[in-house]
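# Working through the structure, step by step
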Amino acid sequence: MSVSTLAADQSVRAPLPVLGRDVTVPLVTGGEVTYAALDYAASAPALQRVWDDVAAYAPYYGSVHRGAGYLSQLSTDLFENARRTVAEFLGCREGDQVVFTRSTTDSLNLLARAVPADCRVFVFETEHHASLLPWPDAQVTYLNAPRTPEQAVSTLERALADRDPHGPALVCVTGASNVTGELWPVRELAAAAHAYGARIVLDAAQLAPHHPVSVTDLDVDWVAFSGHKLYAPFGSGVLAGRADWLREAEPYLAGGGASRRVTRRTDGGVDVEWHDSAARHEAGSPNVIGAYSIASACRALTEAGFDTLVAREQHLIRTVRDGLAGVPEVKILSLFGDDAPRVGVISFVVEGWNSSHFAAALSAEYGIGVRDGLFCAHPLVRTLLGGDPQTQGECGAPEAAPGEKSLNAIRVSFGAGTPDEHVERFVTAVRELVRDGAKWQYRTEDGRCVPAV
């Protein structure tokens with residue numbers, strides 16, 4: 001069955017049920033409207049299925065790995081089964097570890113503390129700050145933004161060829177841009193990294209909710225993602241992949257659960273033997289509900305079928321892009337061009353509008369939630385807008401007042417829970433705002449554009 005045929009099928013066009021789908025919000029112009037949540041790239045709403053699974057488990061909550069009681073044992077089994085579910089979802093290899101963290105940012109910071117001291121890290125300037133920033137003890141090479149997938153591979157190959165070939169190296173790359181939604185050539189970048197003796201970690205925060213991610217098929221060494229982008233509640237994430245650097249590193253957090261044995265020394269100090277399993281980096285009482293919710297989301301997406309989910313999302317992408325293409329004042333941001341494959345993340349600017357002002361009007365007058373700012377990817381957005389990528393800027397807090405130009409953009413993002421009506425309303429709202437202007441007056445307050453009262 002073709003993508004176009006799938007998109008036309010009503011079973012494909014029906015979104016997966018998510019929390020908040022019936023929430024209504026007030027409009028400054030009067031009345032209420034069902035809220036259109038189009039900020040999935042920041043946080044996707046939790047699937048109803050995930051919430052129901054968590055609610056069913058909640059009465060049986062117990063501390064894992066800590067007790068002999070029935071609820072503790074049940075929770076321990078549930079926690080470790082969640083680990084196996086995630087490993088299967090990610091196509092992990094035998095011997096790979098799945099570590100539960102708080103988020104993608106937490107996962108990459110954990111890995112950054114596990115890299116060898118003389119490791120060289122290669123990161124494109126196009127990355128989210130979670131990939132750009134967490135490498136305090138490594139030598140970091142920042143690579144310029146490529147303009148084609150092929151240029152990304154050749155840029156990495158040249159950088160790796162110029163390094164000292166005897167030391168360890170790590171490449172950190174996104175699977176899908178959180179700014180443009182464009183898919184990166186992960187498999188080709190992994191092949192280039194391995195050809196030069198480097199390892200590679202995939203930031204799958206924007207990829208995993210939209211496309212299947214297999215550590216084995218992509219041949220990456222690690223993958224990191226967040227639960228709150230995968231239709232699970234806040235506060236959980238995953239780092240999965242090779243065990244050796246993780247086993248050899250000092251624990252990311254020191255404490256109970258990470259330690260296998262602690263003994264006093266005659267000099268008054270303590271000796272610690274750390275676990276060499278994933279528990280080594282999961283000190284303290286783990287977020288059992290977070291891990292379970294991620295596993296539930298993994299099962300739900302697998303059962304729904306990524307072929308079906310991708311086909312429906314491509315239908316939504318075409319609706320938005322075709323709609324925006326009919327508004328000459330709108331410029332969509334892109335690295336690889338209009339024909340590049342992408343997920344449901346689209347950033348743009350509107351001629352004559354401050355991005356914060358436009359986003360505020362979408363919310364206040366149409367009940368549409370989008371994101372504006374630099375999306376915690378400052379160098380990339382500055383580059384795409386023709387500014388200096390070294391220019392400082394605040395994440396989502398433009399200094400320009402309504403009507404003034406600002407080096408910020410607007411981002412609309414959607415996924416498996418997005419109804420057609422939401423993206424159709426968004427396209428209509430963009431056209432009306434550009435044609436007629438805002439119906440309300442706005443002012444700047446604490447760096448944000450808000451309706452004047």
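Our subject is the structure listed above.
Below or above, wherever it landed, is the structure these notes cover. Quick caveat: nothing in here was measured; it's all calculated off a predicted structure. (Residues numbered from 1 in each chain as written. Predicted model: local features only at pLDDT ≥ 70, side-chain atom pairs only at ≥ 80, totals over all residues. Heavy atoms only, no water.)

## Points about unusual backbone geometry
- For Tyr231, which is not glycine, the phi dihedral falls at a positive 70°.
- Summarising the element assignment, Tyr231 is placed in the loop between strand 9 (222-226) and strand 10 (237-241).
- Phi is positive for Asp446, which is not a glycine, with a value near 55°.
- The topology assignment puts Asp446 in the loop between strand 18 (442-445) and strand 19 (448-451). (Helix = DSSP H or I, 4+ residues; strand = E, 2+ residues; numbered from the N terminus.)

## What about empty space enclosed by the protein?
- Per the stated rule, a full pass over the model turns up one cavity of 30 Å³ or more.
- Counted as a void, the largest cavity has a volume near 30 Å³.
- Tyr40, Ala41, Gln206, Pro209, His210 and Lys229 together form the lining of the largest cavity.
- Its residues placed into classes, the lining of the largest cavity shows three nonpolar, two polar and one charged. (1 Å grid on protein atoms, 1.4 Å probe; cavity = no way out; pocket = protein on both sides within 12 Å on 5 of 7 lines; lining within 4 Å. Points joined across faces, edges and corners; volume = space filled by probe spheres on them. Nonpolar A, V, L, I, M, F, W, Y, C, P; charged D, E, K, R; others polar.)

## Details of the nonpolar core
- Val86, Leu90, Leu156, Leu202, Val213, Phe225 and Val238 are the most contacted members of the largest nonpolar core, which totals 83 residues.
- The residues touching Val86, leaving out its near neighbours within four places in the chain, are Val98, Phe100, Phe225, Val238, Ile294, Ala295 and Cys298. (Core = buried A, V, L, I, M, F, W, Y, C linked by side-chain atoms within 4.5 Å. Buried < 20%, exposed > 50% of the residue type's maximum accessible area, 1.4 Å probe, protein only. Contact = heavy atoms within 4.5 Å.)

## As for the pattern of salt bridges
- Applying the stated rule across the entire model yields 21 salt bridges.
- Arg83 is the salt-bridge partner of Glu282, the closest N and O atoms lying 2.9 Å from each other. Placement of Glu282 in the loop between strand 12 (270-274) and helix 11 (288-304) and of Arg83 in helix 4 (residues 70-89) is noted, with a sequence separation of 199 residues between them.
- Owing to a relative accessible area of 10%, Glu282 belongs among the buried residues under this scheme.
- Residues joined by salt bridges that share partners form a network here, namely Arg199, Asp221, Arg242 and Asp244. (Salt bridge = Lys/Arg side-chain N within 4 Å of Asp/Glu carboxyl O.)

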